[in-house]
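One-letter residues, chain by chain:
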Amino acid sequence: MLTAAEIRSSFVDFFVEKKHTVVASSSVVPIGDDTLLFTNAGMNQFKDVFLGSGSREYRRAVNSQKCIRAGGKHNDLEDVGTDTYHHTFFEMLGNWSFGEAGPNDGYFKAEAIEWAWELLTKIWGIDRNKLYATVFAGDKANRLEFDKETAELWSKVTGLPKDRVLSFGRKDNFWEMGDTGPCGPCSEIHIDLGPERCDKKNVPGHKCKINGGCSRFIELWNLVFIQYNQFEDGRILPLPAKHVDTGMGLERITAVLQNKSSNYDTDLFSPIIEATSQISGKKYSGSLNGKTDIAFCVIADHLRCLVFAITDGGMPSNEGRGYVLRRILRRAARFGHQLGMHEPFIYRLVDVVVDSMSQAFEELKQRAELVKTVIKSEEESFGRTLDRGLEIFSVAADKAKKSGAISGENAFELYDTYGFPLDLTQLMAREKNLKVDTAGFDNLMEQQRQRARAAQKGLSVLSRLDGLLGTSGLPETEDIYKYEVDCCKSKMIGFVDSEGFKAKGSIKAGMEVGIVLDKTCFYAESGGQVGDCGVIETPNAKFIVDKTVGLGDCVIHGGKMAEGSLTVGDEVIAKVDTSRGESKKNHTATHLLQYALRQVVGEIAHQQGSLVCPEYLRFDFTSSRALKPQEIKEVERLVNEKIAQALPVTSATLPIKEAKKLGAMALFGEKYGDTVRVIAVGAPDENHLSDAFSKEFCGGTHVANTAGLGGFKIVKEESISAGVRRITALTGKGLAEHYKKNSEIIENLSQTLKVPPEGICERVNKIIEDNKNLNKQLKNASKQSGTDCLSKARQLLENCEKVGSSSIVVGSIESAPVEEIRDAIDMIKKKAGSAAVVFGLSDGDKVVLLAGVSDDLIQRGLKAGDIVSQIAPIVGGAGGGKPQMAQAGGRKSENLPQALQRAIEFIRQKLRK
């Protein structure tokens, strides 16, 4: 029996023999393509070729592409766990042809069909009598004809009987990457796995058939014949050339070749399921009939999706693809909850995926620690609200029994307060045969968006300049001068205001607009470097530029008309502010910092983003932990060492392949053209780029020599998200000002402490030691009150009410620190074995309530947070906490006795159920 790895290899080897070039899988997080949430097919990386705007050195290609279908047009998320073959993440085995002609060039329908049939039936030995083919039936509305040619080729090339060549409409047999882009008719190969594999036998009226939605007939391979380009207005027009794009899910073909009834029973998933079983203590039966089996499958699927997406740069967040990843992670966490796993567990399974998949995808090993850190952090964050959210859902579900639907208000509360994605609430509702009022939810979401939009209305035109850049038809600006000079002559050819771009007209004093010039020496914000500031002027007018941005090839100088007026067509002088020199220093410093971090932290330190401005620099990088103080010092030392060596900084524009051969680093998540600009630190000129110790793709402005930085100092190292750290640092003028401020602080301390500067440390240490002694005295004093607190707690325990073997210990405690009351509660739980404890503390008009519950009572449904929720309103307060311990506060101290009495009644009621 072939393993999944062997199946992947044999597929690639087969097409290599057919003169195909092996191409690496592209990232599952699309780079430079905003039309896609995730890479959803192998053809995504060849989109430019299909559109005729790009080319490759080869005409035939083969690979195994990492794909995610969990959002947008292609979304399999809802089907995961409900059948045996849908996944959010999967590998797409594919072969491509770019254009028709010749034995070593492209090919089209006949060859694609012939080779697919040969691989399936002759190489892999699948019974040809079980296979069916489908073709496109046509679409009259869009003037697309029936694909008669493909239908005839199936019988002619393979001998497949005509009654096993079926035609279907656009939904099934016309492939579209998205709402726009390359598309074309497709021919699918389906397999009949036998009537016993039908999973819809109990569905009234169900008949097993191709595209019938059951597990008996499943699609194995899709042969797409890309011939058209689809536009936003719905038009579908022919492409300049015809192409072949095939896709076969590795998971599905593996299940067939390994004779498994479910993809989850193959060696692609079984290691994950086995590891999940070990962690949870639950068993997987492989039936997919019960909640336990479904939970195992969903966790295995979602884990793979998360590992590959985060490895390729995706991060859970509240918008876009980040929100999709957060939804997937929270769905997995909730299904883990069904298996009894209430603590973070998903991150513990990451190594299983890495171990089984890194031979094919080496990047998994490189970022494994980052992936674990990100997932664990997300699990912990959601875990803090999961239990409470499930309680809210349970109450909402009880209320919904009459109407049959969870209210939009409850669904929105679960989303907004407890982080439950709508689809997770819908999933839980379906399990209880309930629906969700999505219209009500959507209405509340829109109200929230309107509030956010209203908050933006007060912004000026200048502040909203980025939002105006959707304007089409903007002219091109010649901006090569940004690397050469700080001042140039130019002509004003238009401006952007709140209504869009204008090629005629004037701007007068006080107006805030964005000026467009025919050429400029201003640097437009990009690559993390802020846009330049400065002035655009004539002898009689001055425009202050404080924001320079770009849209495509157009540079827009945002700012305010300070004096006089400017009219489109005026000759002007563009002058960049001297602060640009400080930005240059900080940008070069980010390159030195990248080098130093990789020396100190290792290859895990990948740049995730940066901000370069005149005052300081920020540098974001991947790391599973904070830098140690000695590591920060070593990074500073390495950077300052390179500054002291006065090394040349050289720029060169090269073909991207040549730049990569030199070892130049590309910023993760950026898309580059055929030629790139490389910044090489340590290379004297373009002929010696290989001598540089730092080589990076970069379009920013830089100093000519590292000595120009004047020094480097890290002023902050912090976490900005799970697995991503941020360094803030200074060079040049900003560093000089930093040292000046520190000098003033030292002088003030010297005067305050009445010691010379060199004696400050000794004096401060003496103060710290004195403070420690005072703290010891305070602790000794508090021990006496602690003894009183424990003594009172013991008395309450001795005289407490009992329900069965469980103790109800409720009473007021005299003035004592909250931590000591918590200790007293823990003491009672240990001593009693089974106990619910509530203590009240009154201090003037303030009230503190603390509740604690032993583990055995929690299992019976009594939780400390529930007790607090019941009694806190009585004292005019609110609070919460974990099932074991919870706390609340209030201001109605006179109601403390009533609150404690209510606690007794509530606990008694719960324990007597």
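Heads up: these notes are all about the structure in this document. Just so you know, these numbers come straight off a predicted model, no measurement behind them.

### Things to note about the overall build of the protein
Piece 1. A tally of regular secondary structure across the protein gives 24 helices and 35 strands.
Piece 2. Here the C-alpha coordinates of the protein stretch approximately 95 × 85 × 50 Å along the principal axes.
Piece 3. Evaluated residue by residue, the protein yields a buried proportion of 51% over its 913 residues.
Piece 4. The long-range fraction of contacts in the protein, counting pairs at least 24 apart against all pairs at least 6 apart in sequence, stands at 68%.
Piece 5. Put simply, the protein shows about 42,600 Å² of open surface, and 47% of that area lies on carbon and sulfur atoms.
Piece 6. Charge-centre separation for the protein: the mean point of 119 positive side chains lies 4 Å from the mean point of 121 negative side chains.

### Here's the deal with the pairing of strand β7 (residues 165–168)
Piece 1. Strand direction decides the pairing type here: strand β6 (residues 131–136) and β7, joined by four bridges, are parallel. For Phe136, the partnering residue across the bridge sits in β7 and is Phe168.
Piece 2. Since β6 and β7 lie parallel, the crossover through helix α4 (residues 148–158) that links them has a hand, and here it is right-handed.

### Thoughts on the pattern of salt bridges
Piece 1. A complete count under the given rule lists 40 salt bridges for this structure.
Piece 2. A salt bridge links Lys863 to Glu391; the nearest nitrogen and oxygen atoms lie 3.5 Å apart. Of this pair, Lys863 sits in the loop between α22 (855–859) and α23 (864–871) while Glu391 sits in helix α12 (residues 368–399); the two residues are 472 residues apart in sequence, bridging distant segments of the chain.
Piece 3. For the salt bridge of Asp770 with Lys766, the shortest nitrogen-to-oxygen distance reads 3.1 Å. Pair noted here: Asp770 and Lys766 are both in helix α20 (residues 760–798), with a separation of four residues, about one helical turn.
Piece 4. Judged by relative accessible area, which is 33%, Asp770 ranks as partly exposed.
Piece 5. When its relative accessible area of 44% is taken as the criterion, Lys766 is described as partly exposed.
Piece 6. Counted as one network, the salt bridges with shared partners bring together Lys66, Asp312 and Glu363.

### Here we look at helix α17 (residues 629–644)
Piece 1. In a regular helix each residue adds 1.5 Å, so 16 residues correspond to 22 Å; α17 covers 22 Å between its end C-alpha atoms and thus fits that length.
Piece 2. Within the span of α17, buried status applies to Glu631, Ile632, Val635, Glu636, Leu638, Val639, Lys642 and Ile643. The buried residues of α17 occupy an angular sector of 160 degrees when the element is viewed end-on, so they sit on one face. Exposed side of α17, more than 90 degrees from the buried face: Pro629, Gln630, Lys633 and Ala644 are the residues found there.
Piece 3. The secondary structure elements touched by the buried residues of α17 are α16 (580–600) and β28 (713–721).
Piece 4. Within two residues after α17, Ala646 carries a phi angle of roughly 50 degrees, on the positive side.

### Regarding the sheet that holds strand β23 (residues 607–612)
Piece 1. Read from one edge of the open sheet, four strands run β23-β24-β29-β28, paired in antiparallel fashion. The two strands at the open ends of the sheet, each matched to only one other strand, are β23 and β28. Neighbour-to-neighbour, the strand axes of this sheet turn through a mean angle of 15 degrees, independent of strand direction.
Piece 2. Here strand β24 (residues 617–622) pairs with strand β29 (residues 724–730) via six bridges, running antiparallel. Residue pairing across strands places Phe621 opposite Arg725, the latter belonging to β29.

### Considerations on the sheet that holds strand β25 (residues 649–655)
Piece 1. Ordered in space as β25-β26-β27, the three strands form an open sheet in which the pairing is antiparallel. At either end of the open sheet lies a strand with only one pairing partner, and these are β25 and β27 (694–697). Adjacent strand axes in the sheet meet at a mean angle of 25 degrees when their direction is disregarded.
Piece 2. Alignment of β25 against strand β26 (residues 675–681), held across seven bridges, turns out to be antiparallel. Following the sheet pairing, Ala652 is matched in β26 by Val678.
Piece 3. Across the sheet, α16 is in contact with β25, β26 and β27; its angle to β27 comes to roughly 120 degrees.

### A short note on the packing of helix α8 (residues 291–311) against helix α10 (residues 350–357)
Piece 1. As a packed pair, α8 and α10 sit with axes 10 Å apart at the nearest point and diverge in direction by 75 degrees. As the angle between them shows, α8 and α10 are arranged roughly perpendicular. Side by side, α8 and α10 meet where Leu303, Arg304, Val307 and Phe308 of the first sit next to Val350, Val353 and Met357 of the second.
Piece 2. Within the contact of α8 with α10, the residues separate by chemical class into six nonpolar, no polar and one charged.

### As for the nonpolar core
Piece 1. In this structure, Phe11, Trp154, Trp221 and Ile253 are the most contacted members of the largest nonpolar core, which totals 120 residues.
Piece 2. Sorting elements by how many residues they give to this core places α8 first, with 13 residues.
Piece 3. With residues up to four places along the chain from it excluded, the contact list for Phe11 reads Val62, Asn63, Leu93, Gly94, Asn95, Leu119, Trp124, Trp221 and Met248.
Piece 4. By size, the runner-up hydrophobic cluster in this structure holds 28 residues, among which are Ala836, Val875, Leu896 and Ile904.

### Details of α16
Piece 1. In this model, α16 (21 residues) spans 30 Å end to end at C-alpha, consistent with the 30 Å of a helix rising 1.5 Å per residue.
Piece 2. Of all 21 residues in α16, 17 are buried, a share of seventy percent or more.
Piece 3. Two residues or fewer after α16 comes Gly602, characterised by a positive phi angle close to 110 degrees.

### What about the environment of Val635?
Piece 1. Looking at the secondary structure, you find Val635 in helix α17.
Piece 2. We classify Val635 as buried; its relative accessible area is 0%.
Piece 3. Spatially, the C-alpha atom of Val635 lies 56 Å from that of Leu237, the residues being 398 residues apart in sequence.
Piece 4. Those residues in contact with Val635 that lie beyond four places of it in its chain are Leu593, Ala596, Leu597, Val600 and Ile714.

### A short note on the environment of Pro883
Piece 1. By the element assignment, Pro883 lies in the loop between β34 (878–881) and β35 (885–890).
Piece 2. The buried category is assigned to Pro883, whose relative accessible area is 18%.
Piece 3. Between the alpha carbons of Pro883 and Leu862 there is a distance of 7.9 Å; along the sequence they are 21 residues apart.
Piece 4. Residues in contact with Pro883, not counting those within four places in the same chain, are Val853, Ile858, Lys863 and Ala864.

### Comments concerning the packing of aromatic side chains
Two numbers describe a pair of aromatic rings. These are the distance of the centres and the angle of the planes.
Piece 1. All chains considered together, the criterion is met by 24 aromatic pairs.
Piece 2. For the ring pair Phe46 and Phe98, a centre distance of 5.1 Å and an interplane angle of 55 degrees mean the geometry is tilted. A residue pair is termed long-range when its members are at least 10 positions apart, and Phe46 in the loop between β1 (21–22) and α2 (47–51) and Phe98 in strand β5 (residues 89–98) qualify at 52 residues.
Piece 3. Assessed through its relative accessible area of 5%, Phe98 is described here as buried.
Piece 4. Through a chain of ring-to-ring contacts, the aromatic side chains of Phe11, Phe14, Phe15 and Trp221 assemble into a single cluster.
Piece 5. The ring of Phe231 has Arg235 lying over it, and the distance from NZ or CZ to the ring centre is 4.6 Å.

What counts as what
Residues numbered from 1 in each chain as written. Predicted model: local features only at pLDDT ≥ 70, side-chain atom pairs only at ≥ 80, totals over all residues. Heavy atoms only, no water. Helix = DSSP H or I, 4+ residues; strand = E, 2+ residues; numbered from the N terminus. Buried < 20%, exposed > 50% of the residue type's maximum accessible area, 1.4 Å probe, protein only. Contact = heavy atoms within 4.5 Å. Areas by Shrake-Rupley, 256 points an atom, 1.4 Å probe, with all protein chains shown as cover. Lys, Arg positive; Asp, Glu negative; His and termini not counted. Charge placed at Lys NZ, Arg CZ, Asp CG, Glu CD. Pairing = 2+ DSSP bridges. Right-handed = clockwise from strand over helix to strand, strands pointing away. Salt bridge = Lys/Arg side-chain N within 4 Å of Asp/Glu carboxyl O. Expected span 1.5 Å × (residues − 1). Arc of directions from axis to C-beta. Axes fitted to C-alpha atoms, helices over the stretch in contact; angles between N-to-C directions. Parallel < 35°, antiparallel > 145°, perpendicular 65-115°, else oblique. Nonpolar A, V, L, I, M, F, W, Y, C, P; charged D, E, K, R; others polar. Core = buried A, V, L, I, M, F, W, Y, C linked by side-chain atoms within 4.5 Å. Phe/Tyr/Trp six-rings, centres within 6.5 Å; stacked < 30°, edge-to-face > 60°. Lys NZ or Arg CZ within 6 Å of the ring centre and 35° of its normal.

Read these as spatial facts, not as claims about activity.
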